[in-house]
Amino acid sequence: MSEENLSAVTSEKEPKQDKEAHRARWAWVERRVWTDSMLRSLEKGIKGGKWYALIDKVYELKNLQSGFWKVWRNAGSAGTDGQSVSSFEAKEEQELQQLAEELRTESYRPAAVKRVWIPKPGSQEKRPLGIPVVRDRVVQAALRNVIEPIFERDFAAQSYGFRPGRGSREALRRVEELLKEGNYWVVDADIKGYFDSIPHNKLMENGVMETGKGWEATPEGIPQGGVSARY
């Protein structure tokens, strides 16, 4: 559905109070991607429940620029290609244009992820941490700008992890409210090795570059801490 059609569907005027409340609900979205008309359509529900033709919004230069800013703020180490965030920044315009062209022509291919092992808090074990190359982190951030509101609309109210405007503080406030209401039972559950065992049959072919070992295929699992681990 084109943005023009979305505007036509939502052309009726909104009361000022409703418009302000609407913008407040979606204050966190990337406005280079999500317009008011698109967000209203998102809230009402798209026919068939599917969004189409969003890839052009992913490779829009302004969205890729926003993705790089997020990567730049997070800093982080270089991936398998050795390129740092600062070296990417030095050729930012050229790098982003190249990414846009690769995404537009469907020639973009992600690089292998660098695997490092870090201590696991409260345990003698170590856990694998995946470090994508900078350009892949930019694409992931740009893609997240596009798809996050679509998923966010359907997430459960009691879900607090990796969501905009939510986190451990908000979860603790809710726990406090439940305690005051007389709820005292707590169920603590965890899926052992969840990120390490996600099958790849529904994901793109991938691999990792492990320190001291070189490239090796990964038939299951995704990088912990990456954008893909949140959805």
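Further up the page is the structure itself.
Quick summary incoming for the structure in this document. (Residues numbered from 1 in each chain as written. Predicted model: local features only at pLDDT ≥ 70, side-chain atom pairs only at ≥ 80, totals over all residues. Heavy atoms only, no water.)

**Remarks on unusual backbone geometry**
Stage number 1. One non-glycine residue with positive phi stands out, namely Ala75, at about 60°.
Stage number 2. Along the chain, Ala75 turns up in the loop between α5 (61-74) and α6 (85-90).
Stage number 3. A relative accessible area of 38% means that Ala75 is categorised as partly exposed.
Stage number 4. Unusually for a residue other than glycine, Phe162 sits at a positive phi of about 55°.
Stage number 5. According to the relative accessible area criterion, Phe162 is exposed, its value standing at 55%. (Helix = DSSP H or I, 4+ residues; strand = E, 2+ residues; numbered from the N terminus. Buried < 20%, exposed > 50% of the residue type's maximum accessible area, 1.4 Å probe, protein only.)

**Points about α5**
Stage number 1. For α5, built from 14 residues, the straight-helix expectation of 20 Å at 1.5 Å per residue is met to within 8% by its first-to-last C-alpha distance of 20 Å.
Stage number 2. Turning to α5, its buried residues are Asn63, Leu64, Gln65, Ser66, Gly67, Phe68 and Val71.
Stage number 3. If you follow the buried residues of α5, they end up packed against α4 (55-58), α6, α7 (92-104) and α8 (134-152). (Expected span 1.5 Å × (residues − 1). Contact = heavy atoms within 4.5 Å.)

**Here's the deal with the environment of Arg23**
Stage number 1. Among the structural elements, Arg23 can be located in helix α2 (residues 16-25).
Stage number 2. Note on Arg23: relative accessible area 43%, which makes it partly exposed.
Stage number 3. When the C-alpha atoms of Arg23 and Leu39 are compared, they prove to be 9.0 Å apart, with 16 residues separating the residues in sequence.
Stage number 4. Those residues in contact with Arg23 that lie beyond four places of it in its chain are Arg31 and Asp36.

**Looking at α7**
Stage number 1. For α7, spanning 13 residues, the distance from its first C-alpha to its last is 18 Å, which sits close to the expected 18 Å at 1.5 Å a residue.
Stage number 2. Here α7 has its buried residues at Glu92, Glu95, Leu96, Leu99, Ala100, Glu102 and Leu103. Buried residues of α7, seen end-on, are gathered within an arc of 165° and therefore sit on one face of the element. With respect to the buried face of α7, the exposed residues turned more than 90 degrees away are Glu93 and Gln94.
Stage number 3. On the buried face of α7, the contacting elements are α4, α5, α6 and α8. (Arc of directions from axis to C-beta.)

**Here's the deal with the packing of aromatic side chains**
Stage number 1. According to the stated counting rule, one finds 3 aromatic pairs in the structure shown.
Stage number 2. Their ring planes at 45° and their centres at 5.8 Å tell us that Trp26 and Trp28 sit as a pair that is tilted.
Stage number 3. Note that Arg166 overlies the ring of Tyr160, its terminal NZ or CZ placed 4.8 Å from the centroid. (Phe/Tyr/Trp six-rings, centres within 6.5 Å; stacked < 30°, edge-to-face > 60°. Lys NZ or Arg CZ within 6 Å of the ring centre and 35° of its normal.)

**A closer look at the environment of Arg153**
Stage number 1. If you trace the backbone, Arg153 turns up in the loop between α8 and α9 (168-180).
Stage number 2. For Arg153, a relative accessible area of 39% translates into the label partly exposed.
Stage number 3. The spacing of Arg153 and Gly45 is 108 residues in sequence and 9.6 Å in space, taken between C-alpha atoms.
Stage number 4. Residue contacts for Arg153: discarding those within four places in its chain leaves Leu42, Glu43, Lys44 and Gly45.
Stage number 5. Of note is the side chain of Arg153, whose polar atom sits 2.5 Å from the backbone oxygen of Leu42. (Polar contact = N/O pair within 3.5 Å; in protein donor to acceptor, adjacent residues only side chain to side chain.)

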